[in-house]
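Breakdown of the fold
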Amino acid sequence: MSALITADREQAVIAAAPTRLYIDGEWRDAREGRTLDVVDPSTGQVLTKVADASPEDGWDALKAAEAAQKGFATMPPRQRADILMNAFRLMHERKDDLALLMTLEMGKPLAEAYGEVNYAAEFFRHFAEEATRISGGYQTAPTGSARFLIHRQPVGPSILITPWNFPLAMGTRKIGPALAAGCTSVLKPAELTPLSMLALADILHEAGVPAGVVNIVVTSTAGEVTEPLIRSGIARKLSFTGSTPVGRKLLEQCAEKVLRTSMELGGNAALVVFEDADLDRAVEGAMLAKMRNSGEACTAANRIFVHSSVIEEFSQKLAEKMGAMKVGRGVDDDVKVGPMVDSRQRDKVAELVDDAVRSGAEVILGGEPAAGEGYFYPPTVLSGVPRRARMWSEEIFGPVAPLTPFDEEDQVIDWVNDTEYGLVNYVFTNDLTRAVRVAEQVESGMVGLNQGAVSNPAAPFGGIKESGLGREGGDVGIDEFLETKYIGIAM
Ligand code: ADP
């Protein structure tokens, strides 16, 4: 047990957590009284029950968003910015509870949960600053016979769907720009981790978000609840973060009413270590790119290509560091690796490791799921992972580092691009020309150069190919929630 987090403290934070649907500025039970269980993945025990929305509840939420849209669109940008800053401050005031709640429902170590609360809050500060900087234009037509006014307006009611791996930040990354742009929304968090987003609803309410502007609907039947909303003609936008197969299905649904879409989908990041890299820095970068969130991130290094002249030293150093990471409940002292989010996820990691070993990979560290309660998988390093191993093309989403040696730059660029995904890649080299050459050739929306993390609210996050559409954060993040209107004026 942690010196700071007692069982009483855990129980108190769970007892105080909101567990109902947040619709039209009010907390309510699901229409049919349905509930779903929220489980602590480090014990497999039920933490609490949460209202489980039916399609009718989802419909109520969208109606509330529709009713609030017109008024919210005319709220002065400065006022929208102030609300976002209030929410930013409240998140910091309540960071202890938010972090603990997140660790309990999702499993990540408490230090990482604090990191996420901070990261999540930054989206509110960033978009508070953007809210008052929505620019337009005034232009003379080439013939001189007209003027063009270029005006930016909110897209309209938006459906926001978020995953379980970053339960708070994936929500603020969508709610922040939606509020800044003047869009109302219905957010559906992942059913595995609803508590963080419900706690955020409480904060948004207190921060001054008007009734109906943000609605939070938790459900165990995601498709049944969201599909009618997407096809309703009321929603004008879908912003989704999750897997590529679900994203593809949602894009098809969005086609019916031609919704604007932002899609943050799967990844298959490569991390490349050239022979001229600073090896210690590359190991640090790999630790971050691999072990952040215990590998449960779409930005996680899924394939690690190391030049054959340095792979032995690199793998030893990496295995030493990964092997020293304490595995356990995220609330306990010094734990660096929490459980996988559920048994399905843990079993998938195990399956991919077994497949890699059958394909010829060698286990340097770990390689077996932990026995006992909770869904733990230990830090694992594999070497000599061949092209035919499933993990070359499938997201591992766990603490497994697959190493493969390479000899030539052209060869490794082909390997990096040998995937339908294109979210992020990491490159370690001290040769500036090579760094630029490789960064330009790898097919991804983001590149980490000599660094193992790219997430920053002030930068445009997003992928190409089957990793998605659109960008979140940066100066373009708000564009996803704005339409451009051109008003032609005859002269
Ligand atoms: P993962 O496999 O990481 O859980 P998913 O893509 O299944 O990723 O889930 C991401 C989010 O999408 C979650 O909120 C989940 O409930 C939601 N989701 C899953 N299937 C559907 C669906 N058919 N329609 C709408 N949302 C869905």
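No experiment lies behind these values; they were computed from the predicted model shown. (Residues numbered from 1 in each chain as written. Predicted model: local features only at pLDDT ≥ 70, side-chain atom pairs only at ≥ 80, totals over all residues. Heavy atoms only, no water.)

1. Here's the deal with the packing of aromatic side chains
Tallied over the entire structure, the rule returns eight aromatic pairs. A centroid spacing of 5.0 Å and a plane angle of 50° characterise the contact between Tyr-22 and Trp-27, whose relative ring orientation is tilted. Accessibility expressed as a relative area gives 26% for Trp-27, which makes it partly exposed. A ring pair is formed by Phe-148 and Tyr-486, whose centres lie 5.1 Å apart and whose planes are at 75°; its orientation type is edge-to-face. Here Phe-148, found in strand 6 (residues 146-154), pairs with Tyr-486, found in strand 22 (residues 482-490); they are 338 residues apart in sequence, far enough to count as distant. You can call Phe-148 buried: its relative accessible area is 17%. (Phe/Tyr/Trp six-rings, centres within 6.5 Å; stacked < 30°, edge-to-face > 60°. Buried < 20%, exposed > 50% of the residue type's maximum accessible area, 1.4 Å probe, protein only. Helix = DSSP H or I, 4+ residues; strand = E, 2+ residues; numbered from the N terminus.)

2. Structural notes on the site of the ligand
Lining the immediate surroundings of the ligand are 18 residues, of which Thr-162, Trp-164, Lys-188, Glu-191 and Ser-243 lie closest. Between an oxygen atom of the ligand and a main-chain N or O atom of Thr-162, the distance comes to 2.7 Å. Burial of the ligand by the surrounding chains reaches 82%, relative to a free accessible area of 550 Å². A molecule is said to occupy a pocket when more than half its atoms come within 2 Å of that pocket's grid points, and by this definition the ligand occupies the largest pocket. When contributions to the shell around the ligand are tallied by element, the ones reaching two or more residues are helix 8 (222-230), strand 10 (237-241) and helix 9 (244-257). (Near = heavy atom within 4 Å. Polar contact = N/O pair within 3.5 Å; in protein donor to acceptor, adjacent residues only side chain to side chain. Areas by Shrake-Rupley, 256 points an atom, 1.4 Å probe, with all protein chains shown as cover. 1 Å grid on protein atoms, 1.4 Å probe; cavity = no way out; pocket = protein on both sides within 12 Å on 5 of 7 lines; lining within 4 Å. Sits in = over half its atoms within 2 Å of the grid points.)

3. Points about the sheet that holds strand 22
Strands belonging to one sheet form pairs held by backbone hydrogen bonds; the direction of such a pair is parallel or antiparallel. Strand order in the open sheet formed by three strands is 5-6-22, with antiparallel pairing between adjacent strands. Each edge of the open sheet carries a strand with a single partner, namely strand 5 (137-140) and strand 22. For this sheet the average axis-to-axis angle between neighbouring strands, irrespective of direction, equals 20°. Looking at chain direction, strand 6 and strand 22 are connected through nine bridges and run antiparallel. The residue of strand 22 that forms the bridge with Gln-153 is Glu-483. (Pairing = 2+ DSSP bridges. Axes fitted to C-alpha atoms, helices over the stretch in contact; angles between N-to-C directions.)

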